[in-house]
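Chain residues, written in single-letter form:
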Amino acid sequence: MIFKAVGDSRPYPDHGLTTPRDWSDVPPRQVRLDELVTTKRTLDLDALLSEDSTFYGDLFAHVVEYQGTLYLEDGLHRALRAALQQRPVLHARVLVIED
């Protein structure tokens, strides 16, 4: 299995970060794909196959750590591309939300 689980919602409170500029203060780090829970069940195949998929957005995926679980909020196409290239880790900005 690629991910820890496949979800279809964001079970954590709203954090207010909506744009790549908002996320830019969150430092990136490596996360294991098998520790991530997705917040989307579907992916637009164009986003996965596009060579410039990160050209207009953040270079890093966005992950929220909440109650000890890592949720992949944005960057599902990056995570799947890493899995297809047999890389077990992904560089992501990880926002920690405390209870």
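Refer to the structure printed above.
In this text the structure is predicted, and so the values were computed from the model without any measurement.

Participant: Got a minute to help me understand unusual backbone geometry in this structure?
Facilitator: Excluding glycine, residues mostly carry a negative phi; peptide bonds, for their part, are mostly trans. With a phi angle near 50 degrees, Q67 is a residue other than glycine that sits in the positive phi range. When you line up the elements, Q67 lands in the loop between β4 (61–66) and β5 (69–74). One non-glycine residue, Q86, lies in the positive phi region at around 60 degrees. Tracing the chain through its elements places Q86 in the loop between α3 (76–84) and β6 (89–97).

Participant: Before we go on, may I ask you to explain the pairing of β5 in this structure?
Facilitator: In regular strands, side chains alternate between the two faces of the sheet. Counting buried positions along β5 gives 5 out of 6 residues, so the element sits mostly inside the fold. Note that strand β3 (residues 36–38) and β5 share 3 bridges and pair parallel. Residue pairing across strands places V37 opposite Y71, the latter belonging to β5. Here β4 runs beside β5; their pairing, made up of 5 bridges, is antiparallel. Looking at the pairing, V64 lines up with Y71 of β5. Counted along the chain from β4 to the antiparallel partner β5, the turn is 2 residues long, and its residue Q67 has a positive phi close to 50 degrees.

Procedures and definitions
All residue numbers refer to position in the chain's written sequence, counted from 1. Two thresholds apply to this predicted model, a pLDDT of at least 70 for residue-level local features and 80 or more for giving and counting side-chain atom pairs, whereas whole-chain, interface and lining totals are computed over all residues. By convention in this description, side-chain values take in all heavy atoms of the structure and omit both hydrogens and water. In this text, helices come from DSSP runs of H or I with a minimum length of four residues, and strands from runs of E with a minimum of two, each type numbered from the N-terminal end. Classification of residues uses two cut-offs on accessible area relative to the type maximum, computed with a 1.4 Å probe and protein chains only: under 20% is buried, over 50% is exposed, and between them is partly exposed. Strands pair, by our definition, only if DSSP identifies at least two bridges between them.

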